[in-house]
Amino acid sequence: MGFNTDLLHAGVVKDSKGATLPPIYQSTAFDHETAEDLAGIFGGRKMGFCYTRVANPTVSAFEERITKLEGGLASVACSSGMAAISMALLNILQAGDEIISSASLYGGTIDLFRDIEAFGIKTIYVKNNDWDAIEKAFTDKTKVVFAETIGNPCLDVTDVKKLAEIAHAHGTPLVLDNTTATPYLIKGIEHGADIVVNSSSKYINGNSNSISGVLTDSGHFKWTKEKYPVLGEYIKFGQFAYISKLRNGLFRNVGVCLSPFNAYLNLVGIETLGLRMKQQCENAYTLAKWFQDNYQDIKVNYPGLKSSPWHHIAEKELKGGYGGILTIRVGSKEKAFSIMNNLKIPYILSNIGDTKTLVVHPQSTISLHSTEKELAASGVFDDLIRISVGIEDPEDLIEDFKQAIN
């Protein structure tokens, strides 16, 4: 089936009462006929639901939809995108382990990597797509390679296939944050990613009404006790080792579960993901091209422009567009604030992926805690405005930016 058909029908189990959306199972726990039934579910010997912190029917419906879209083995939905990244990594890491990561990351992820240093987990940052530097960064402590499909807000595009090949040559999984691209533009697993993470608060939800995140396991990576001792007894589950350990350990015990109501809102929003992404990509290209053609003193960055240093990778890997985000450098922080304050249509807020156009000044917000070195590597400057383009008529956006600049 095609992408938009999958959005509506893939992984859907029709409701016995004829509802076209999964019901909201707003229940803390679930009753069972016998004590033996409940004991079997807790012991993993029987399918079913016992406690929403562990699993919930509405959340499971959302997870199944994401699994189908990403082409994976199974998914786990979490309370936020940052929770999903945390679970994806900490499920297999322990003190003394190292992460090799692209340096051009979302500021919140950099903050997270700094936090887990307290647990003895070190991150080695390298320039994205710098294959020599990536090769040299591997040690016997390297347990994960991490990257964003499209960096936020750097907008550098990762050559996922090449990065996966290098990671696998070292017996290491690739964890890919696909938030800014979504499975509409690229299915990371098809390009070799082992774990794909989406902050579903963004494009997947599409309406800025639910904080959530979801990780999808490809089931392809060959885990071993020698390199990943924390998986321990779960290695015997083969391709289900990673997801079984997560479900029965860290995810359950930390309690980063997604609420059933937010899962329901995601299920409503995801149905239009393809339609929204198509329009947002078209609008972003139109706006980026307009900036480039009309303002020589404004530096525009968008993977869809031939001037982008990552255009050739984007053209090779992304299907259906180049993303819904662009950035502009306008000369000074004061001018950036002035333009943002004079816009009539966009909202000034820190989310991305809404149906409405959103603008933010990354240096003073999402990258506030980054060092000067981290800011430079992430493409964050004091005169930078990040624009998450919505589905408005592009002519109206152009007119609004024109009056704000003038």
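Note that this is a predicted model, so its numbers are computed, not measured.

**A short note on the overall build of the protein**
Argument step 1. Looking only at helices and strands, the protein has 16 helices and 12 strands in total.
Argument step 2. Here the C-alpha radius of gyration of the protein, 21 Å, is about what a compact globule of 406 residues would show, namely 22 Å.
Argument step 3. Across the 406 residues of the protein, 56% fall into the buried class.
Argument step 4. Nonlocal contacts in the protein, meaning residues at least 24 apart in sequence, comprise 73% of its contacts between residues at least 6 apart.
Argument step 5. Looking at the protein as shown, the accessible area adds up to about 17,400 Å², and 53% of this sits on carbon and sulfur atoms.
Argument step 6. Side chains of the protein carry 39 positive and 46 negative charges; the gap between the two charge centres is 3 Å.

**Here we look at the packing of aromatic side chains**
Argument step 1. Counted according to the given criterion, the structure contains 12 aromatic pairs.
Argument step 2. With 4.6 Å between their ring centres and 65° between their planes, Phe221 and Trp223 make a pair best called edge-to-face.
Argument step 3. Three or more aromatic residues joined by ring pairs make a cluster, and in this case those are Phe221, Trp223, Tyr228 and Tyr242.
Argument step 4. We note Lys143 situated over the ring of Tyr228; from NZ or CZ to the ring centre the distance is 5.8 Å.

**Here we look at unusual backbone geometry**
Negative phi values dominate among residues other than glycine, just as trans dominates among peptide bonds.
Argument step 1. Residues Asn152 and Pro153 are joined by a peptide bond in cis, for which omega reads 10°.
Argument step 2. Secondary-structure assignment places Pro153 in the loop between strand E4 (142-148) and helix H7 (160-169).

**A short note on the pairing of strand E9 (residues 325-329)**
Argument step 1. Of all 5 residues that make up E9, 4 are buried, and the element is covered over most of its length.
Argument step 2. As defined by bridge partners, strand E8 (residues 299-301) adjoins E9 across 3 bridges and the pair is classed as antiparallel. Bridged to Asn301 within E9 is Thr327.
Argument step 3. In this structure, E9 lies alongside strand E12 (residues 384-388), joined through 5 bridges in antiparallel fashion. In the strand pairing of E12, Ile325 is matched with Ser388.

**Looking at the sheet that holds E4**
Argument step 1. Strand order in the open sheet formed by 7 strands is E1-E7-E6-E5-E4-E2-E3, with mixed pairing between adjacent strands. Unpaired on one side and paired on the other, strand E1 (74-78) and strand E3 (122-126) mark the two borders of the sheet. Neighbour-to-neighbour, the strand axes of the sheet open up by a mean angle of 20°, direction not taken into account.
Argument step 2. Pairing of strand E2 (residues 98-102) with E4, which is carried by 4 bridges, proceeds in the parallel orientation. Directly across from Ser101, in E4, lies its bridge partner Phe146.
Argument step 3. In this fold helix H3 (residues 57-70) packs onto E1, strand E6 (195-198) and strand E7 (213-217), with an angle of close to 130° to the strand it touches most, E1.

**A short note on the packing of helix H4 (residues 81-90) against helix H5 (residues 107-115)**
Argument step 1. The geometry of H4 relative to H5 is characterised by a closest axis approach of 11 Å and an angle of 40° between their N-to-C directions. With respect to their mutual orientation, H4 and H5 come out oblique. Seen along the crossing, H4 lies across H5 with a hand that is right-handed. On the side of H4, the interface is formed by Met82, Ile85, Ser86 and Leu89, while H5 contributes Gly108, Thr109, Leu112 and Phe113.
Argument step 2. For the contact of H4 with H5, the class distribution of residues is 5 nonpolar, 3 polar and no charged.

**Considerations on the sheet that holds strand E10 (residues 347-348)**
Sheet strands associate in pairs through backbone hydrogen bonding, adopting either a parallel or an antiparallel arrangement.
Argument step 1. Ordered in space as E8-E9-E12-E11-E10, the 5 strands form an open sheet in which the pairing is mixed. This sheet does not close on itself; its edge strands, each paired only once, are E8 and E10.
Argument step 2. As paired strands, E10 and strand E11 (residues 358-360) are joined by 2 bridges and run parallel to one another. Following the sheet pairing, Tyr347 is matched in E11 by Leu358.
Argument step 3. Contacts between helix H14 (residues 333-342) and the sheet are confined to E10, E11 and E12, with E12 contributing the most and set at about 30° to the helix.

**Comments concerning the environment of His312**
Argument step 1. One can find His312 in helix H13 (residues 311-317).
Argument step 2. As a C-alpha pair, His312 and Asp159 span 153 residues in sequence and 9.9 Å in three-dimensional space.
Argument step 3. A distance of 3.4 Å separates the side chain of His312 from the backbone oxygen of Pro309, its partner in a polar contact.

**Things to note about the side chain of Thr67**
Argument step 1. By secondary structure assignment, the location of Thr67 is in helix H3.
Argument step 2. Residue classification places Thr67 among the buried positions, given a relative accessible area of 11%.
Argument step 3. Beyond its immediate stretch of four places on either side in the chain, Thr67 contacts Gly72, Leu73, Ala74, Ser75 and Thr216.

Reading the values: the criteria
Residues numbered from 1 in each chain as written. Predicted model: local features only at pLDDT ≥ 70, side-chain atom pairs only at ≥ 80, totals over all residues. Heavy atoms only, no water. Helix = DSSP H or I, 4+ residues; strand = E, 2+ residues; numbered from the N terminus. Rg over C-alpha atoms; globule rule 2.2 N^0.38 Å. Buried < 20%, exposed > 50% of the residue type's maximum accessible area, 1.4 Å probe, protein only. Contact = heavy atoms within 4.5 Å. Areas by Shrake-Rupley, 256 points an atom, 1.4 Å probe, with all protein chains shown as cover. Lys, Arg positive; Asp, Glu negative; His and termini not counted. Charge placed at Lys NZ, Arg CZ, Asp CG, Glu CD. Phe/Tyr/Trp six-rings, centres within 6.5 Å; stacked < 30°, edge-to-face > 60°. Lys NZ or Arg CZ within 6 Å of the ring centre and 35° of its normal. Pairing = 2+ DSSP bridges. Axes fitted to C-alpha atoms, helices over the stretch in contact; angles between N-to-C directions. Parallel < 35°, antiparallel > 145°, perpendicular 65-115°, else oblique. Left-handed = near helix turned anticlockwise from the far one by under 90°. Nonpolar A, V, L, I, M, F, W, Y, C, P; charged D, E, K, R; others polar. Polar contact = N/O pair within 3.5 Å; in protein donor to acceptor, adjacent residues only side chain to side chain.

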